[in-house]
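So the chains spell out like this:
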Amino acid sequence: MNTQIGRFITFEGGEGVGKSTNIQFVAQWLAQQGISALVTREPGGTPIAERIRNDLLKAHHSEKMADLTELLLMFAARAQHLKAVIIPALASGQWVLCDRFTDSTIAYQGYGRGVSLDQIDQLRQLVQGDLNPDCTLLLDAPFKMGMSRAAQRASDLGEEVDRFETEDDGFFNLVRQGFLTLAKAESRIHIIDASQHLSAVQGDIISVLTPMLGNGVSTKHFASSTTKQDDDV
Ligand code: T5A
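Here the structure is a predicted model, which means the values were calculated and not measured.

**Q** Explain the site of the ligand to me, please; I cannot follow it from the model alone.
**A** Lining the immediate surroundings of the ligand are 28 residues, of which Ser20, Thr21, Arg100, Thr105 and Arg153 lie closest. Contacts to the ligand include Gly18, whose backbone N or O atom sits 2.9 Å from an oxygen atom. Here Arg53 contributes a side-chain N or O atom positioned 3.2 Å from an oxygen atom of the ligand. Considered on its own, the ligand offers 1000 Å² of accessible surface; in the complex 85% of this is hidden by protein. Put simply, the parts of the chain that give the shell around the ligand at least two residues each are α1 (19–32), α2 (47–57), α3 (67–91), α4 (102–112), α6 (143–157) and α8 (198–209). The element best represented in the shell around the ligand is α4, accounting for four residues.

**Q** Before we go on, may I ask you to explain the packing of aromatic side chains in this structure?
**A** The full count for this structure, using the stated rule, is six aromatic pairs. Between Phe143 and Phe172, the aromatic rings sit 6.3 Å apart at their centres with planes inclined by 25°, giving stacked as the arrangement. Of the two residues, Phe143 sits in helix α6 while Phe172 sits in helix α7 (residues 169–185), which places them 29 residues apart along the sequence. We note that Phe143, like Phe172, is buried. Seen from their ring centres, Phe171 and Phe172 are 5.4 Å apart, and the 80° between their planes marks the pair as edge-to-face. Classification of Phe171 as buried rests on a relative accessible area of 5%.

**Q** Help me understand the sheet that holds strand β1 (residues 8–13), please; the structure alone is not making it clear to me.
**A** One key point about sheets: their strands pair by backbone hydrogen bonds, in either a parallel or an antiparallel sense. Taken in spatial order, the five strands of this open sheet run β2-β3-β1-β4-β5, and their pairing is parallel. Both outer strands of the open sheet, β2 (37–41) and β5 (189–193), are each paired with one neighbouring strand and no more. Taking the axes of each pair of neighbouring strands and ignoring which way they run, one obtains an average angle of 20° across the sheet. Here four bridges tie β1 to strand β3 (residues 95–99), and the two strands are oriented parallel to one another. Across the sheet, residue Ile9 finds its bridge partner in β3, namely Leu97. Sitting on the sheet, α1 touches β1, β2, β3 and β4 (135–140), and the angle it makes with β3 is about 170°. Running over the sheet, α4 touches β1, β4 and β5 and is turned about 20° from β1.

Cut-offs and rules
- Here the residue numbering is sequential within each chain, running from 1 through the sequence in written order.
- Totals for whole chains, interfaces and linings use all residues, but because this is a predicted model, local features are given only for residues with pLDDT of at least 70 and pairs of side-chain atoms are given and counted only at 80 or more.
- In computing side-chain values, all of the structure's heavy atoms are included and hydrogens and water are not.
- Near residues are defined by distance, with any heavy atom within 4 Å of the molecule or strand qualifying the residue.
- N or O atoms closer than or at 3.5 Å make up a polar contact, with two conditions inside protein: a donor-capable atom paired with an acceptor-capable one, and, for residues adjacent in sequence, both atoms drawn from side chains.
- Per-residue and other accessible areas follow the Shrake-Rupley method at a 1.4 Å probe size, with only the shown protein chains counted as cover for residues.
- Only runs of H or I of at least four residues qualify as helices and only runs of E of at least two qualify as strands under DSSP, and these elements are numbered from the N terminus.
- Think of it this way: a Phe, Tyr or Trp ring, Trp meaning its six-membered ring, pairs with another when their centres are within 6.5 Å, and the plane angle makes it stacked under 30 degrees, edge-to-face over 60, tilted otherwise.
- Note on classification: 1.4 Å probe, protein chains only; a residue is buried when its accessible area is under 20% of the maximum for its type, exposed when over 50%, partly exposed between these limits.
- When DSSP finds two or more bridges between two strands, those strands count as paired.
- Inter-axis angles, ranging from 0 to 180 degrees, are taken between N-to-C directions of lines fitted to C-alpha atoms, where helices are fitted over the stretch in contact.
- Should any heavy atoms of two residues lie within 4.5 Å, those residues are considered in contact.

Put into structure tokens, the structure is as follows:
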């Protein structure tokens, strides 16, 4: 019988703040604790969702992608990812480490593009029901620092700039403020200062995750997320 309880951990933040780097670090750290973790990403994580990702990130289309199209494609990819990958992994007791999830939709499409947060919430409920992350690590740094790290990595690896990376400073400021606003409202979101040296960032991440290793934390994938207001009561 599988006695391990899967946990759903998401990594969020702006461009180049260190999500991919730290998700790999956490997977290795969990393996050292004897915990099997599935590493995945959004948009993407399944063959169909990765095809949607290609269209979403492609820098140049022959027409401008409408904001609503972008939003629906994010949730279409997420619906496939949840059904094919995330839910089965959690049900089998695996931990799931996901590079971006719905908080990115709220920050980028909601705060960044200005799409109605109520509409996003309706789609969230349709696609996720009560399935929410157990814990979210919000890697936060001034957006110019993240952009410059991402640009350096892209130049080292010969990667092309994606459609979101062509946005202006105002957009990325709104996205960052969106993430920080979410973190104030949701107790599952932990802000990690990603401007620190990588070893300090990883120390902070371990401090957040260590309490989840024991039996003291109940899993609540299928319960509504707790708000900070709830905690204060
Ligand atoms: N999107 C996504 C939406 O608009 N809505 C949604 O709902 C979702 C799910 C996805 C895009 O889609 C958008 C947001 C995005 O624009 P992506 O490639 O998944 O694109 O996301 P990016 O943020 O672009 O991912 P990156 O791979 O560019 O950034 P990471 O993963 O945050 O950064 P990482 O780990 O690659 O680090 C970048 C560089 O910095 C170094 C690393 O070694 C690397 O070279 N680094 C550090 N250097 C010094 N100090 C530290 N502390 C460092 N941490 C990392």
